[in-house]
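Breakdown of the fold
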Amino acid sequence: MDLPFKVEKRPPAPLWLRVTAPIISVVAALAVCSAFILYAGVNPLYGYYHLFAGALGSTLGLSETFVRFCPLLFCGVAVALAFTAKFWNIGAEGQLYAGGLAATFFGVSFIGAPSALIIPLMFVSGFLGGALWAAIPALLKTKLKVDDVVTTLMGNWIIWYFTSYLLTGPWKNPVTVWPESPAIAPTAEFPILVPGTRIHLGIPVALFCAFIYFLIYARSSWGYELKAIGANPKASNLMGINVTRGLVTVAILSGGIAGLAGVSELGGIHHHMKTDLSFGFGYTGIVIAMLGGLHPIGVTAAAFLMSVISTGSQVMYRVTGVPYPISQVIEGMTLVCLLLGVFFTEYRIRRTRD
Amino acid sequence: MPFARGVLHRVQDQEDERLSELVITLAFVVSVLAMTFRMAVPLIFGTVGEAFAERSGVLNLGIEGMMLMGASVGYLVSYHVGDNWAGVAAAALAGASMGLLMAFLTVTLGAQQHVAGIGTTIVGSGLSFYIFRLGVPLVSGIPPTVTPFPELNIPLLTDIPVLGPVLFHHQALVYVALTTVLISAFIFYRTRFGLIIRAVGENPRAADTAGIDVFRVRYICLILAGALTAIGGSWLSIAQSRFFLPGMTYGRGWICIALVVFGYWSPLRILGGALLFGGIDALQLSLQAVGVEIPYQLFLMLPYVVTILALITVSRRAKAPAALLKPYRREE
């Protein structure tokens, strides 16, 4: 196509631009989605007011925002860590279920064990479950050169159907008709940290994971190696970095952290393993990781923003009647606008004809 | 001789029983085979669309969202206009716009294809649900139904025993799907445009040097992919369920991603794969319907497992389009 302008790479964007681009993208996404809210017959400003006020303006709203923040932060960190080394982990959703299943096994069978034993055991087993589920595509990628995008994506459905099989068959709750496991031991239920809310132990653990990711990303030589692997695996190999080991390790960590999201939803909220343990948290994790620019602080902020939109859209629905799936539209649109924003931080357009 | 007559009767009874068992089995097989085609329709449309996208060098992970949009828009238009073909056309249009979005992100902006695809899918699944909630009244949680297409009765052919009900007694979209496969095979292997698509997917730089507009080819392929996928989605709502439900594609879009690998990016092999996966689905549904308790989830898991195995063998033979997942820029 001969166009009257030319796209060219610009010098590395300054920090302020890299920080403002995601913010502008979010605003742009909200602007685009205001058309959909208008279509529902509601003034977008009125709608958005209730969205933000609902998620942030009351104790209940804020606490529910933090409850949602927990799995989203786990998944955002998991995806960001993997993407740093360009291990394209689209499978956080499946790793979440793998972690949930592993933790259910201990949570249900260790009736009578004290919390101090069973809760750490659930975290460890959940981490290992998610890690194992992510290690398979990583090994296939490094050993057999099988594309990780497709294998991690397929893995989501394999583990989900396996979960559904367990919960309607061998692990079925004998008491209810729903596809769910028996309740975990009362001692396995996470302690509530703020009385009167659902804020549970999983939230500080998620923040701790984000902090560990910060140490890896910004303060360790291993983090530097990961970025090098992501930037150019061949050159990294020549520099003496063990790319295979790096990718498999990053997959194990990433999958493990996604698995912890499953553990937290199980132990902190549902107390039964369910086939709808996650509302696409693993996919939202991709939006969060990209929106946060893969940076630990950015990812944490993005996870919080997505929790606000998710919680707030429920309130907006109750008050104004705008259907709550709008949150998913905003979420996807944010990613779309972000890709546009990233483009403008990396390239500039110059006129070639007058 | 009462005794002998008794024995004879019993033999006769046993034969009758065996015969009726045979008839029941045959009826079951016929219904599973006929259902196979119905289950395969969305897979055929989606995977042929995906083949166009991937052959031109773009992995279209927006497919699940496109299929959902097709299902939702198709149902809504069919319900409000009262014409199923209008629904299918509107679905195709909605899918084409999603394809246009995907093309803008991956071709013009050169964004990472899987990230752009996941974004498109999230928008599509959210928006399909959103417009559905605004578009129809829910009576105790159940949306109103539409009347599906009539089943075609082809003179003579439909009356053939076994083969008739399996092949020649379907809604018209089944035959549209089969024709789409043939047309796409023809385009890929017998036309200049097919050659151009494959060239763009294998070596965009060489294609560009030869004067082919890489960007335009990828735009066309993605828009086509979106339209076809959405038609497949509209089949699910209009013809199969007769209403829309959020997330009703249940990963069928991802099955198409799997199938295109399994079918080595070739329309005829894709048809074979779609019938196989459709058949697995039809078998587990039919077994459940007659009350056989099976771990049906293990059936539904199969396509994904098989695909990973297929990917392992494919990666050895390196059959995927060489430029897949790589954005193309002229000046780099």
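Going by the structure above, here's the rest.
Residues numbered from 1 in each chain as written. Chains lettered and ligands numbered in written order. Predicted model: local features only at pLDDT ≥ 70, side-chain atom pairs only at ≥ 80, totals over all residues.

A few points about the overall build of chain A
Within chain A, the regular secondary structure consists of 13 helices and two strands. Per-residue burial over chain A gives 53% buried out of 354 residues. Summarising the internal contacts of chain A: among those between residues at least 6 apart in sequence, 79% fall at separations of at least 24. (Helix = DSSP H or I, 4+ residues; strand = E, 2+ residues; numbered from the N terminus. Buried ≥ 20, exposed ≤ 12 C-beta atoms within 10 Å, placed from the backbone. Contact = placed C-beta atoms within 7 Å.)

Considering the interface of chain A and chain B
Between chain A and chain B, the contact holds 41 residues from the first and 39 residues from the second. Contributing elements (two or more residues each) for the side of chain A that touches chain B: α1 (15–39), α5 (115–144), α6 (148–168), α11 (281–291) and α13 (326–346) of chain A. Looking at the side of chain A that touches chain B residue by residue, the class counts come to 32 nonpolar, five polar and four charged. (Nonpolar A, V, L, I, M, F, W, Y, C, P; charged D, E, K, R; others polar.)

Description of the nonpolar core
Core analysis: the biggest nonpolar cluster contains 211 residues, and F74(A), C75(A) and V77(A) have the highest contact counts within it. Considering every element that reaches this core, the biggest residue donor is helix α9 (residues 214–241) of chain B, with 16 residues. Among all residues touching V77(A), those that are not within four sequence positions of it are C209(A), A210(A), Y213(A), I257(A) and V299(A). (Core = buried A, V, L, I, M, F, W, Y, C linked by C-beta atoms within 7 Å.)

Overview of unusual backbone geometry
All names here are of chain A. A positive phi angle is found at K145, which is not glycine, with a value near 60°. Residue L294 is not a glycine yet carries a positive backbone phi of 65°. Within the fold, L294 resides in the loop between α11 and α12 (296–320). Judged by the 20 C-beta atoms lying within 10 Å of it, L294 falls in the buried class.

Structural notes on the environment of A303(A)
Residues and elements named next belong to chain A. As for its placement among the helices and strands, A303 is situated in helix α12. Expressed as a C-alpha distance, the spacing of A303 and G76, which sit 227 residues apart in the sequence, is 6.6 Å. In this structure A303 touches F69, L72, L73, G76 and I288, once residues within four positions along its chain are discounted.

Considering helix α2 (residues 44–56) of chain A
All names here are of chain A. Over its 13 residues, α2 runs 18 Å from end to end, which matches the ideal 18 Å to within 8%, given 1.5 Å per residue. Restricting attention to buried positions, one finds in α2 the residues G47, Y48, H50, L51, G54 and A55. End-on, the buried residues of α2 take up no more than an arc of 160°, which puts them together on one face. Where α2 is buried, its residues meet α1, α3 (59–84) and α12. (Expected span 1.5 Å × (residues − 1). Arc of directions from axis to C-beta.)

Let's talk about the environment of S140(B)
Residues and elements named next belong to chain B. Relative to the elements of secondary structure, S140 occurs in the loop between α4 (113–135) and α5 (163–167). On the neighbour-count criterion, S140 (4 C-beta atoms within 10 Å) is exposed. For S140 and V81, which are 59 residues apart along the polypeptide, the C-alpha to C-alpha distance reads 23 Å.

These figures capture arrangement, not role.
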